[in-house]
Every structure is written in C-alpha cells, then in structure tokens.
There are 2 protein chains.
Amino acid sequence: MAESDAPDRPTPPPETYEAIMQATYRAFCKHGYADLTTREIAEEFAKSRSLLHYHYDTKQELIVALLEYLLESHPAKAATDEIADPDERLELFIDRGLFGPENAPFDFWDFHTALLELRLHAHRNDAYREQLDRTIGLITDLLAATIREGIETGCFRDVDPEETAQFLYDAIDAARIRKITLGHDDAPRRTRRAIETFVLPTLRAADDDR
Amino acid sequence: MAESDAPDRPTPPPETYEAIMQATYRAFCKHGYADLTTREIAEEFAKSRSLLHYHYDTKQELIVALLEYLLESHPAKAATDEIADPDERLELFIDRGLFGPENAPFDFWDFHTALLELRLHAHRNDAYREQLDRTIGLITDLLAATIREGIETGCFRDVDPEETAQFLYDAIDAARIRKITLGHDDAPRRTRRAIETFVLPTLRAADDDR
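Residues numbered from 1 in each chain as written. Chains lettered and ligands numbered in written order. Predicted model: local features only at pLDDT ≥ 70, side-chain atom pairs only at ≥ 80, totals over all residues. Heavy atoms only, no water.

As recorded in an unreviewed UniProt entry, chain A goes by the name Transcription regulator, listed as coming from Halococcus salifodinae DSM 8989.

What follows is about the overall build of chain A. Helices and strands together make up the secondary structure of chain A, namely 10 helices and 0 strands. For chain A, the N- to C-terminal ordering of α and β elements is α-α-α-α-α-α-α-α-α-α. Among the 210 residues that make up chain A, the fraction classed as buried is 55%. The long-range share in chain A, meaning contacts at least 24 apart out of those at least 6 apart in sequence, stands at 66%. Taken as a whole, chain A presents about 9,600 Å² of accessible surface, with 48% of it coming from carbon and sulfur. (Helix = DSSP H or I, 4+ residues; strand = E, 2+ residues; numbered from the N terminus. Buried < 20%, exposed > 50% of the residue type's maximum accessible area, 1.4 Å probe, protein only. Contact = heavy atoms within 4.5 Å. Areas by Shrake-Rupley, 256 points an atom, 1.4 Å probe, with all protein chains shown as cover.)

In the superposition of chain A on chain B (RMSD 0.0 Å, axial shift 0.0 Å), the rotation amounts to 180 degrees. The superposition operator between the copies reduces to a two-fold rotation axis. Interface residue correspondence from chain A to chain B reaches 100%, placing this contact among same-surface, isologous pairings. (Least-squares fit on C-alpha atoms with pLDDT ≥ 70 in both.)

We now examine the domain arrangement of chain A. All names here are of chain A. Domain parsing of chain A yields domain 1 (14-69) and domain 2 (74-208). Interface of domain 1 and domain 2: buried area, both sides summed, is about 1,400 Å²; carbon and sulfur atoms make up 64% of it. Residue glutamate 68 is joined to arginine 134 by a salt bridge in which the shortest nitrogen-to-oxygen separation is 2.7 Å. The tally of links from domain 1 across to domain 2 stands at 6 residue pairs in polar contact (both at pLDDT 80 or more). Looking at the side of domain 1 that touches domain 2, the elements with two or more residues in it are helix H1 (14-31) and helix H4 (59-72). Tallying contributions element by element places H4 first for the side of domain 1 that touches domain 2, with 6 residues. (Domains from an automatic or database assignment. Buried area = accessible area lost by both parts, 1.4 Å probe. Salt bridge = Lys/Arg side-chain N within 4 Å of Asp/Glu carboxyl O. Polar contact = N/O pair within 3.5 Å; in protein donor to acceptor, adjacent residues only side chain to side chain.)

What follows is the structure, encoded as structure tokens:
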C-alpha cells in the first residue's frame, strides 16, 4: 500500500462519504489497524467496491479520512453545546473519556485498541501523526477552553489551561491504555478517583477565595 | 514462532545469562519488538548461536527473560537504596521515569518505543501481559511504598498510596507515549510541571498541619 499523499480525487457526495466512513469505522473497530485491508473495508460497504476505490485508493487515505470524519462529530464537541457550566462540562469530558460516550455507535474499547495500534504506526508515518495530532489537539483545546472559561467565571483557580488540559487528557489516555494492553479493567474507575483527589480540588480551590 | 510455554531448559550459568540478556536488550532497542527475530538477537551475542538456542528457543522466551532481567536492576529499585527521604526519592522516581535514568546503558527512548510495541502484543499474549504486569507492578509498588513512608513520617498527607502511585505512573507513561508516538518532545517537561502543580502540593499539604 502506497504511503504517498492522496492524489486529487473527486470528493464523494455526502451520502456516499457518510456510507464509506461508516464502513471504514466498522472495519477499523472490527479488525484493528495492523490487520486491516481495503478489502475488509469494502466488505462493510453496501455499495460497489469500485465506488469505494473511485474515491479512496489506499488504506491510509481511508484511515486519515476516518479520523477527520470522527473529529467532526466528536463527543467532546457536543459537550460544549450541551452544557453551559464549565465545571459540569469538565466532569462530562472526563467521564466520556474514561468510560466512553453514552450510546456509542461502536465498541468504545475496540475503537481505542485500533487507535492505539494506529498510534504506534504514526511513529513513522507523517500523515497519521499529523491527523492524530489534530484529533488530540481538538480535544485538549476544548478541555483548555472549558478550563479557561471556568477561570474567567471564577469557578476555577488561575492554572495554566493548556497544561491542565493536557495533563487530564494524558491521565485519561493512560488509564485506557492500561485497560487495553494489560487488562486492568478498574483503571478508568481508579483514575476517576485520582482525578477527584488531585486535579479537581486544586482546580476548584477558588471556592475558599470567592 | 511458538507462543507455547517455555519447555524445561538448563538455566544458563551467570556469565552466559548476562551476555544473552545484554544481547537481547541491544537487539530489542535497535529493532523494536515487531521486527525482532532470534537471528538479530544472535547477531548481538558474541558467543555461538547454538549456545543461545540451547538456553532459549523463541523470541518470546528471550523477551520475557529480558523483562525479568531488567526488573532485577530497575533504577526505581536503586533509588530506594540511594535516598532515605521519601519526598526526595519520589522526585527522583518522577525524573527518572520522565527523562530516563542517568547513564542509561541504552537509548531510553528506543527502549520505550520497543516496549510500547510489546505492550500492544501483550493485549493478546498472556506471557507478555503477565510479565509486563510484574514490571509495572514492581514500579508502582516502590512508588506506593515511598508515599506510604512519607505519610508515616508526616511529610505527605493521608492519601491512598496505591492510587496515587498508579496515577503518577500513568502521568509519566502517557507523556512518554505522546513523545514516542506523536513526537511531542516537550511532553515530559510539561508533565513534570503539571505534577508540580497538581500532585505534589496535594501530597505535601501536610506542611500546614505539622
């Protein structure tokens, strides 16, 4: 499979794009990254295989497109619209990151297992690394914006929003990785408690100052 | 390569064991896990290839033995002997975890890249998962013992030592993984600062109570 940049191809019409991305999504969760081929993606695609190849030629193009597609409808984005209170929104970010969004259209853990495989390949693949960086960047930006909002409205202490967001993201990510790679099923729950012990009280210390 | 349990083999004499483990170590850091074969390990071994195969038959046996070998001389163990003060020892644990031990006999980042590859395989391999669990368990136990000691001597607050140790380990691990997979070279330094903002002050809050 070529690792070159995608050539100029016709953008698929919205319905076809949606169907291709959903097929890629299902195949990615089912087979993981390393064992995935365009054939497995085509098998999840109800329309013709040639239509798939008309728009996307390689596994890499499909996976990069999938990550971008998932960014558009990321649950962290939805949380920003749903919840006005920064503290409450932060709690929702943490819970969704650790335990998965409610009504996930896929198995949260299958998806994160495949994503971790992809991350290892990103180590030597610029296209994957840039796209994964965009994904993690969007999530930490939303977290940082929430923390900044909390600082401005006086419900959080004056911490570094970016650093705090990244620290929270990392804590959540590490718990997921331990659950996936070592089978530590209680990792998300215990990390939730550690965040309650160390991060949230420090953030909320403004309680005493108000 | 067989994934079966190691058959009963003669334990190598100490000098041979040391030479085989060092060869495995070098090959693991140089080639990573996925691309590693016993041939590459044999190439790093100055003595005969048949001697290597006399003691270890498969890549899996060699890697499991390597993890056990590295446990014996883990820098976290050395820190316990070197530094009596729990607070100072905790700082050393954190720095060694984030930036690597001083005078590492290998490239710290090559090693952790290979280890991350191995962890992904541990997902479906009991022998690797158990051995990696032992490694992480030893490190978090040493961290927890240090925190417990600090609580007993009154320099740390009465937190849950195991949960705190795991949280610190996870934060360090996530920073390493981001540096490796996404090239975030400032991750260890920024995580160090976040630990100073969120974890250490909460741990040390006993300052006011003494």
